[in-house]
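Each chain, letter by letter, is given below.
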Amino acid sequence: MFGSDGIQTFLSIAIGLGLAAACGFRVFIPLLIAGSAARLGHLQLAADFQWLASVPALLALGTAAVLEVGAYYIPWLDHALDMVATPAAVVAGILASASVLHGVPPVLRWVLPVIGGGASAGLIQGVSVLFRLKSTTLTGGVANPIVSTAELVGAAFMTLLAIVFPLVCLALVGVLLVFAFRATGRIIFGRPPTMTN
């Protein structure tokens, strides 16, 4: 059976994976919300990540979040931003998941965030890039603001869910990753041909 320390560790992993997945939608929104929640006492950060709740960090993250959100509503700039945002999302996913890890053995302190957090953020970011590319191809970019709004809502919702209901968020992350994996194959390779008699 899990002791209370084991349960707290598992919950911190669930929160971390939820925050990392949210970074796949938007890089700075999850970090901003997590830092704000920590500052208000609703989220416990790891000892070496207390800076995330500092006023300078929140101001910097807030500014970056506003610029990021705004840039995704400018036609064609959204694609240019994706080239920078994709590796940034992976790094943000690693940092976000590491920022809340408690009670993890030192050898796993960065292994879990790199494998779980970085991969979650990267896969979700990759799918959103492919959706935006398909949207641009099919609508000439007219539908891209809808995609950007959905990503913004997804980032905020996933972050809040990770903080308030981490186990529900963990289940949702699992579903999203399966969907992302399957959607990536469909977008890249197209639908498999149907068999006809």
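Look up a bit, the structure's there.
Residues numbered from 1 in each chain as written. Predicted model: local features only at pLDDT ≥ 70, side-chain atom pairs only at ≥ 80, totals over all residues. Heavy atoms only, no water.

Caption draft 1: Focus on the packing of aromatic side chains. In this structure the tally under the stated criterion is 2 aromatic pairs. Judged by centre distance (6.0 Å) and plane angle (35°), the ring pair of Phe49 and Trp51 falls under tilted. Overall, the relative accessible area of 5% leaves Phe49 in the buried class. Relative accessible area serves as the criterion here: at 46%, Trp51 is assigned to the partly exposed category. Summarising the aromatic geometry, the rings of Phe49 and Trp110 are spaced 6.1 Å apart at their centres and angled 50° between planes, so their arrangement reads as tilted. Of this pair, Phe49 sits in the loop between helix H2 (28-39) and helix H3 (55-71) while Trp110 sits in the loop between helix H4 (77-98) and helix H5 (111-139), and the two are 61 residues apart along the sequence. One aromatic cluster is present, formed by Phe49, Trp51 and Trp110 through successive ring pairs. Residue placement shows Arg26 over the ring face of Tyr72; its charged tip is 3.9 Å from the ring centre. (Phe/Tyr/Trp six-rings, centres within 6.5 Å; stacked < 30°, edge-to-face > 60°. Buried < 20%, exposed > 50% of the residue type's maximum accessible area, 1.4 Å probe, protein only. Helix = DSSP H or I, 4+ residues; strand = E, 2+ residues; numbered from the N terminus. Lys NZ or Arg CZ within 6 Å of the ring centre and 35° of its normal.)

Caption draft 2: Inspection of the layout of surface pockets at higher detail. In this structure, the largest pocket occupies an estimated 210 Å³ of space. Of all the secondary structure elements, the ones that give two or more residues to the lining of the largest pocket are H5, helix H6 (144-164) and helix H7 (166-189). Per-element accounting of the lining of the largest pocket gives the leading share, 4 residues, to H5. Among the residues making up the lining of the largest pocket, the classes are represented as 9 nonpolar, 1 polar and 1 charged. The space that makes up the second largest pocket amounts to roughly 170 Å³. Looking at which element gives the most residues to the lining of the second largest pocket, the answer is helix H1 (residues 4-23), with 4 residues. The residue makeup of the lining of the second largest pocket, split by class, is 6 nonpolar, 5 polar and no charged. (1 Å grid on protein atoms, 1.4 Å probe; cavity = no way out; pocket = protein on both sides within 12 Å on 5 of 7 lines; lining within 4 Å. Points joined across faces, edges and corners; volume = space filled by probe spheres on them. Nonpolar A, V, L, I, M, F, W, Y, C, P; charged D, E, K, R; others polar.)

Just distances and angles here, no functional claims.
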